[in-house]
Amino acid sequence: MTSVSHPAASTWSEDQPVKVRVPWHQRLQPANLLWLFLAGILVVLIVAPMWTLVVSSFTDAKTGGWTLHNYVEAYGKERHITALTNTLKMGAVVVVLKLAFGVPLAWACTRTDMPGRNFVRYSVFGAFIMPPYLAGVGWILLAGPNTGWINRVWHSLSGSTEPLVNVFSFGGLVLVTAIGGFFLVFVLVSSAFEMINSEMEDAANILGAGPFKTAMKVTFPLVMPAIIGAALLSFLGAIALYGVPALISIPARYPVVVIQLTEFFSFPLRIQVAAAYSIPLLLITAAMLGLQKLILRRKGYVSVSGKGGERRIVKLGRWRWVLFGYCFCVVALSVLMPLFVLLLAAFSNSWTTGFSFSNLTLSNFHYVLFEHSSSQKALVGSIGLGIVAATVAITLALFIAYIVQRKLIPFSGLLAFLAVSPYVVPGIVLAIGFYAAYALPPIALYGTYTIMALAFITRFLPIAFTTSSAGVRSIHPEMEEAVRILGGGRVTALRHVVGPLLKRTLAGGWLLIFVPAAQELSTAIFLVGPTTRVVSVVLLDLSEEGELEKLAALGSLLLIIIVAVVAIGMRYLGRDFMLRRS
């Protein structure tokens, strides 16, 4: 009997793999369920609050029906419009000041032979560690119109009764806001300067250009994308900052959006109107992103090629000391001066008396540690929230980055977009979205640390994802395949291969989240309850009570704790851990 084989069957069995249709229930392996669970968390953290914010802005508070009345009430009064225009004006001026502070310092520390570069770097990190509202308190002690130390010296020297400087003004507001956030410009632009080789600068020098003309014509244009990105983030940070406007804009009679939003949260609560009032901030954010793309389109900013290249510092000659003088002025305004008066006030019976040995005391620290009703709880709450937010955000971001980089589920790029999207959402808008979504029944998380932790995790998730994604991308998948060949799954590979290899990267990201989370105010101010206290909110309470010495003591304790954590991290990661991850 002769057997005859079918030619088509032979072709399928030898040349092409047979596609086996796997039933849906067999795909529900534990690892796949874990990936879907994490994707669901991302949707809950980001999509739900933003969606609820938009829906609330069109919802009638009494009937639950659709309405535009919230927008009419939000923008129907002149002072509400004035607050919005004032905010935009303040944000624009703050951006100019931040660039004027941050870009020259970044260039001086990375591309020149300026003396004291390490001193300037550490001082800028000091600006990162010091919360903006503490810098604001320091400048109130320095430049208050009646009792500020600068004006008292001016009065004694000139005999004038008029103040030399007044922090309670538009100029004081933008200056204090700018010095509290220019470190972001420094970090982003420094990283761009570090990538530039000297070939084009050498060409400019050969053609007769001096150091500053070369910098203006060649070096700075090459880092323009980083400068524009830093300007965008600086503007968004300035218009959503709460602490400094709460301290300065109210006495200065300069209304801004964040202060107006707090009025909507006072009795009677108008969450729908607050949502409508905050929507333009989201539209402004989208417009700024579009403007950034419009400016940078069709232009070449390539500074790193496969040819490599040497990166030499610029010799400034006698101008090196002039540049150092400018950098010293910036770090003095941003860190040295406010920190000095803050510490002096913390150890003084009365900060208006000035320095004298008879005025020194430790009673302010004893009060905030053992007598004040909420200071201890606030310290524990702030540090605890910082630890929880940093740990959960880094862990969640590592899993999400692994999903995205290894393309484990369809539309993984959408997860990456969601993970970084909170970076362009102002913190105060995010807080209102969380309040609308989770504070009220049936979930009713208002007044708990849980809602604050969720908001902090969401707010700083982009930092964690950017750090984790860069780390996962640097690891070749063949190492994980070895684990799978030996019988381990993806979770095992993640725990025993990817995680240990990225521990220094993840530790750096954890530190970058812990510091701002422990200081966070713009998000906390709308979510804090009677029994959930954080240091930033308690400091504002002490400021309203006029207890500036005790405020300085509590703020100093928070700074000491944060500095200790950062010092441990820098010893483990090196001083430039921020630059490598920006």
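Residues numbered from 1 in each chain as written. Predicted model: local features only at pLDDT ≥ 70, side-chain atom pairs only at ≥ 80, totals over all residues. Heavy atoms only, no water.

A word on the overall build of the chain
- Each helix and strand in the chain was counted, giving 28 helices and zero strands.
- Looking at the 582 residues of the chain, the share that counts as buried comes to 51%.
- Considering only contacts within the chain whose residues lie at least 6 apart along the sequence, 77% involve residues at least 24 apart.
- Total accessible area on the chain is roughly 27,300 Å²; 66% of this is exposed by carbon and sulfur atoms. (Helix = DSSP H or I, 4+ residues; strand = E, 2+ residues; numbered from the N terminus. Buried < 20%, exposed > 50% of the residue type's maximum accessible area, 1.4 Å probe, protein only. Contact = heavy atoms within 4.5 Å. Areas by Shrake-Rupley, 256 points an atom, 1.4 Å probe, with all protein chains shown as cover.)

Examining the packing of helix α5 (residues 78-111) against helix α17 (residues 319-346)
- Taken N-terminus to C-terminus, the directions of α5 and α17 make an angle of 130 degrees; their axes are 10 Å apart at the nearest point. One element, α5, and the other, α17, form an angle in the oblique class. Taken as a pair, α5 and α17 cross one another with a handedness that is left-handed. Contacts from Ala100, Phe101, Pro104, Leu105, Trp107 and Ala108 of α5 reach α17 at Leu323, Tyr326, Cys327, Val330 and Val331.
- Its residues placed into classes, the contact of α5 with α17 shows eleven nonpolar, no polar and no charged. (Axes fitted to C-alpha atoms, helices over the stretch in contact; angles between N-to-C directions. Parallel < 35°, antiparallel > 145°, perpendicular 65-115°, else oblique. Left-handed = near helix turned anticlockwise from the far one by under 90°. Nonpolar A, V, L, I, M, F, W, Y, C, P; charged D, E, K, R; others polar.)

A short note on the side chain of Ser556
- Its location among the elements puts Ser556 in helix α27 (residues 548-573).
- By relative accessible area, Ser556 is classed as buried at 2%.

Observations regarding the nonpolar core
- With 190 residues, the main nonpolar core has Leu105 and Leu261 as its most contacted residues.
- For this core, the leading source of residues is helix α19 (residues 375-406), giving 17 residues. (Core = buried A, V, L, I, M, F, W, Y, C linked by side-chain atoms within 4.5 Å.)

Topic: unusual backbone geometry
- Omega for the peptide link from Pro441 to Pro442 comes to 10 degrees, which places this bond in the cis form.
- With respect to the helices and strands, the residue Pro442 is situated in the loop between α21 (427-439) and α22 (449-473).
- A positive phi angle is found at Ala444, which is not glycine, with a value near 55 degrees.

Quick look at the environment of Trp107
- Within the fold, Trp107 resides in helix α5.
- Sequence separation between Trp107 and Thr219 is 112 residues; the distance between their C-alpha atoms is 9.0 Å.
- Setting aside anything within four residues of it in sequence, one finds Trp107 in contact with Thr112, Phe193, Pro211, Phe212, Ala215, Thr219, Phe220, Leu316 and Leu323.

Considering the pattern of salt bridges
- Per the counting criterion, the structure on display carries six salt bridges.
- With its nearest N and O atoms 3.4 Å apart, the salt bridge here joins Arg459 to Glu520. Of this pair, Arg459 sits in helix α22 while Glu520 is found in the loop between α25 (503-519) and α26 (535-544), placing the two residues 61 residues apart along the sequence.
- Of the residues examined, Arg459 reaches a relative accessible area of 23% and is grouped as partly exposed. (Salt bridge = Lys/Arg side-chain N within 4 Å of Asp/Glu carboxyl O.)

So, the packing of aromatic side chains
- Tallied over the entire structure, the rule returns 16 aromatic pairs.
- Seen in terms of ring centroids, Phe170 and Tyr254 are 5.1 Å apart; in terms of plane orientation they differ by 50 degrees. Their pairing is tilted. One end of the pair, Phe170, is in helix α9 (residues 170-179); the other, Tyr254, is in the loop between α14 (243-248) and α15 (257-265), and 84 residues separate them in sequence.
- Accessibility expressed as a relative area gives 25% for Phe170, which makes it partly exposed.
- Ring pairs connect the aromatic residues Phe119, Trp321, Phe324 and Phe328, which therefore count as one cluster.
- Lys89 extends its terminal NZ or CZ atom over the ring of Phe170, reaching a point 4.8 Å from the ring centre.
- If you follow Lys550 out to its NZ or CZ, it ends over the ring of Tyr367, 5.0 Å from the centre. (Phe/Tyr/Trp six-rings, centres within 6.5 Å; stacked < 30°, edge-to-face > 60°. Lys NZ or Arg CZ within 6 Å of the ring centre and 35° of its normal.)

Things to note about the side chain of Asn151
- Residue placement: Asn151 occurs in helix α8 (residues 149-158).
- By relative accessible area, which is 0% here, Asn151 ends up buried.
- Side-chain polar atoms of Asn151 contact the backbone nitrogen of Leu164, separated by 2.7 Å.
- Here the side chain of Asn151 touches Val165 through a polar contact of 2.7 Å, landing on its backbone oxygen.
- With residues up to four places along the chain from it excluded, the contact list for Asn151 reads Leu142, Ala143, Gly144, Pro145, Pro163, Leu164 and Val165. (Polar contact = N/O pair within 3.5 Å; in protein donor to acceptor, adjacent residues only side chain to side chain.)

Topic: helix α13 (residues 224-240)
- Compared with the 24 Å implied by 1.5 Å per residue over 17 residues, the 24 Å span of α13 between its first and last C-alpha is a close match.
- The buried count for α13 comes to 14 of 17 residues, which makes it a mostly enclosed element. (Expected span 1.5 Å × (residues − 1).)

Description of a nonpolar patch on the surface
- Taken together, the side chains of Leu343, Phe347, Phe355, Phe357, Leu360 and Leu362 make up a nonpolar region of the molecular surface, amounting to roughly 630 Å² of accessible area.
- Assignment of secondary structure puts Leu360 in the loop between α17 and α18 (363-371). (Patch = residues over 30% accessible without salt bridge, like charges linked within 9 Å, V, L, I, M, F, W, Y side chains within 5 Å.)

Quick word on the environment of Leu454
- Considering the arrangement of structural elements, one finds Leu454 in helix α22.
- Residue class for Leu454 comes out partly exposed when judged on its relative accessible area of 26%.
- As for Leu454 and Ala393, which are separated by 61 residues in sequence, their C-alpha atoms are 9.5 Å apart.
- In contact with Leu454, other than residues within four places in its own chain, are Leu45, Phe434 and Leu445.

So, the state of the cysteines
- For the structure shown, the criterion picks out zero disulfides.
- Cys109 takes part in no disulfide bond, and the closest cysteine sulfur to it belongs to Cys327, at a distance of 5.9 Å.
- The class for Cys109 is buried, based on a relative accessible area of 5%.
- The exposure class of Cys327 is buried, given its relative accessible area of 0%. (Disulfide = S-S within 2.5 Å.)

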